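Here is how the chains run, residue by residue.
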Amino acid sequence: MTLQQPQLSIKNFQKVFKTGDGVKGVNLDVSKGELVTLLGPSGCGKTTVLRAVGGFLEPDSGDILIEGQSVLKVPPEKRPTAMVFQSYNLWPHMTVFDNLAFGLKIRNVKKEEIRAAVDKALHLVRLPGTENKMPGQLSGGQQQRVAVARALLLEPAVLLLDEPFSALDAKLRLEMREELREIQASTGLTMVFVTHDQEEALSISDRIVVMNAGRIEQIDTPQRIYDHPESLFVAQFIGRMNFLSGHGAGASVDIQGRRFPVERNLAGTVTAAIRPEDVFIVETADQVQEHRDVFPATVRQVMILGHYAEVTADTEAGPVKLFVPRERAASLHHGQSIPIGFARVTAYAG
Ligand SMILES: Nc1ncnc2c1ncn2[C@@H]1O[C@H](COP(=O)(O)OP(=O)(O)OP(=O)(O)O)[C@@H](O)[C@H]1O
């Protein structure tokens, strides 16, 4: 069996700035056709990694290989990469056509070929017929589509996207996510996408790289990142989570005298993490029998959030948030007693 070589390989990449901030050791392989997202809070080093891949920043140490070749000595304009930025970076005095054709003209591509390629790229980003418009005549979303089309025309081995949808309104951001996924499916392009928006990362990525303070915390599929956060940082950063303090007891964790099975064997003080969707109301006496580890709880607040509601309930272990269907929320009120149980608990040291 031959292992396919990664399209992009980042090896022991390090770039530490004078302030001591930066990237302190990143290893990442991206396969051909994969969309990998670098996700993390502001300042964790996502853009630094992306800029190094694009050639805009030199690493202190480490290597970056594209299709098996080190690109460290290759200047940005000669790298087989293209970058899309948050600010679209279109030339305002040039038509859409000229903005798109520019990169091909300097490569001496024939006129008819440029026309055909521009036309194809504009169809891909759903902007056919806009060749003669000036960027200023387009909306923010349309300008970003042009910027994506311009990057596609360069036929990069790796497309780099740095928070490309952050300047757009929420509804447009959702549309652009779907479109990017469709473009990826139809072109088979390899993409590295940077965002600090976890929902965006969860929805578009094949794999997510969660970064924190210049290091990688976890690399996994969105599903696994959500269901099995490997560290307390990832558990805090991704999705909603309740945190209660407990004690490790072999393969279970003790929270205020109730025991829950956990995947890791931990001893001493632990932080127990429970997703709101894994908290349930124990509705009947039979269920109380079935779930011995029930917490008496008192409803503090009910917030209707469309088709479901978020309930905050006070327990002796602390406040716990849970999601309930809207109809169930209608019969809950402040001060009401509701026994609750936990379907799944994850424990972290400390
Ligand atoms: N040219 C530079 N000189 C000095 N420090 C820098 C430079 N570029 C980045 N940094 C610092 O390195 C750290 C990582 O920055 P980077 O831009 O990669 O983070 P990020 O995760 O992309 O953040 P954001 O989401 O805010 O863009 C930050 O603390 C930043 O202040």
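None of the values given here were measured: they were computed from a predicted structure.

Draft legend 1. Here's a closer look at the overall build of the protein. Per the secondary structure count, the protein includes ten helices and 20 strands. Seen through its principal axes, the protein has C-alpha atoms that stretch 80 × 45 × 45 Å. The buried share among the 350 residues of the protein stands at 47%. Considering only contacts in the protein between residues 6 or more positions apart, those separated by 24 or more positions represent 64%. When the accessible surface of the protein is split by element, carbon and sulfur atoms take 51% of a total near 17,300 Å².

Draft legend 2. Here's a closer look at unusual backbone geometry. Even without glycine at this site, Asn12 takes up a positive phi of about 45°. With respect to the helices, strands and loops of the structure, Asn12 is situated in strand S1 (residues 8–16). A residue is classified by how much of its surface remains accessible, and Asn12, at 48% relative accessible area, is partly exposed.

Draft legend 3. Seen up close, the site of the ligand. Surveying the vicinity of the ligand reveals the residues Phe17, Asp21, Gly22, Pro41, Ser42, Gly43, Cys44, Gly45, Lys46, Thr47, Thr48 and Glu163. At 3.4 Å from an oxygen atom of the ligand is found a side-chain nitrogen or oxygen belonging to Asp21. Burial of the ligand by the protein amounts to 62% of the accessible area it has alone, namely 630 Å². If you tally residues by element for the shell around the ligand, the top one is helix H1 (residues 46–54), at three residues. In terms of residue class, the shell around the ligand is made up of three nonpolar, six polar and three charged.

Draft legend 4. Examining the side chain of Thr312 more closely. Along the chain, Thr312 turns up in strand S17 (residues 308–315). For Thr312, a relative accessible area of 5% translates into the label buried. Side chain to side chain, Thr312 and Lys321 meet in a polar contact 3.1 Å long. Beyond its immediate sequence surroundings of up to four residues, Thr312 is in contact with Thr298, Val299, Arg300, Gln301, Pro319, Val320 and Lys321.

Draft legend 5. Representation of the pattern of salt bridges. If you walk through the whole model with that rule in mind, you get 19 salt bridges. In this structure, the salt-bridge partner of Arg126 is Glu179, at a minimum N-O distance of 3.4 Å. Linking Arg126 in the loop between helix H3 (111–124) and helix H4 (140–153) with Glu179 in helix H5 (residues 170–187), this pair joins segments that are 53 residues apart in sequence. Taken together, the shared-partner salt bridges in this structure form one network comprising Arg126, Arg145, Glu179 and Glu182.

Draft legend 6. Region of the structure containing the UniProt feature "domain: ABC transporter" (unreviewed entry) in the protein. As recorded in UniProt, the sites labelled "domain: ABC transporter" (unreviewed entry) are residues 8–238. Taken end to end, residues 8–238 is 36% helix and 25% strand, and its first and last C-alpha atoms sit 26 Å apart.

Draft legend 7. Geometry of the domain arrangement of the protein. Each domain of the protein was delimited in the assignment, giving domain 1 (8–234) and domain 2 (243–349). Listed by partner, the interface residues are seven residues for domain 1 and eight residues for domain 2. Surface buried jointly by domain 1 and domain 2 totals about 690 Å² across both partners, of which 41% is contributed by carbon and sulfur atoms. The interface formed by domain 1 and domain 2 includes zero salt bridges. Where domain 1 touches domain 2, the interface holds seven residue pairs in polar contact (both at pLDDT 80 or more). Residues belonging to the side of domain 1 that touches domain 2 are distributed by class as follows: three nonpolar, two polar and two charged.

Draft legend 8. Geometry of H4. Here H4 is 14 residues long and its end C-alpha atoms lie 20 Å apart, about the 20 Å a rise of 1.5 Å per residue gives. The buried fraction of H4 amounts to twelve of the 14 residues, a majority that puts the element mostly inside the structure. Inspection of H4 places Gly141, Gln143, Gln144, Arg145, Val146, Ala147, Val148, Ala149, Arg150, Ala151, Leu152 and Leu153 among the buried residues, and these make up the whole buried set. Close packing links the buried residues of H4 with strand S6 (81–84), helix H2 (96–105), H3, strand S7 (158–162) and H5. In the segment just after H4, Glu155 is the residue with positive phi, at about 45°.

What counts, and where the lines are drawn
- As a convention, each chain's residues are numbered from 1 in the sequence order in which they are written.
- Two thresholds apply to this predicted model, a pLDDT of at least 70 for residue-level local features and 80 or more for giving and counting side-chain atom pairs, whereas whole-chain, interface and lining totals are computed over all residues.
- As a convention, hydrogens and water are excluded, and side-chain values are obtained from all of the structure's heavy atoms.
- We count a stretch as a helix when DSSP gives it H or I for four or more residues in a row; a strand needs E for two or more, and each element gets its number in order from the N terminus.
- Think of it in three bands: with a 1.4 Å probe and only protein chains considered, a residue is buried below 20% of the maximum accessible area for its type, exposed above 50%, and partly exposed in between.
- Pairs of residues are marked as contacts when any of their non-hydrogen atoms sit within 4.5 Å.
- We get accessible surface area from the Shrake-Rupley algorithm with a probe of 1.4 Å; when it comes to residues, only the shown protein chains can shield them.
- When we say a residue is near a molecule or strand, we mean one of its heavy atoms is within 4 Å of it.
- What qualifies as a polar contact is a pair of N or O atoms within 3.5 Å, subject to a donor-acceptor requirement within protein and to the restriction that residues adjacent in sequence count only when both atoms come from side chains.
- Amino acids outside the nonpolar list (Ala, Val, Leu, Ile, Met, Phe, Trp, Tyr, Cys, Pro) and the charged list (Asp, Glu, Lys, Arg) are all regarded as polar, and Gly is one of them.
- Salt bridges are counted wherever a side-chain nitrogen of Lys or Arg sits within 4 Å of a carboxyl oxygen of Asp or Glu.
- UniProt positions are given in the numbering used here, feature names are shortened, and annotations may be inferred rather than shown by experiment.
- Domains are outlined according to an automatic or database domain assignment.
- A quick way to say it: buried area is the sum, across both parts, of accessible area lost when two parts are put together, with a 1.4 Å probe.
- The span one expects for a helix is its residue count, reduced by one, times 1.5 Å.

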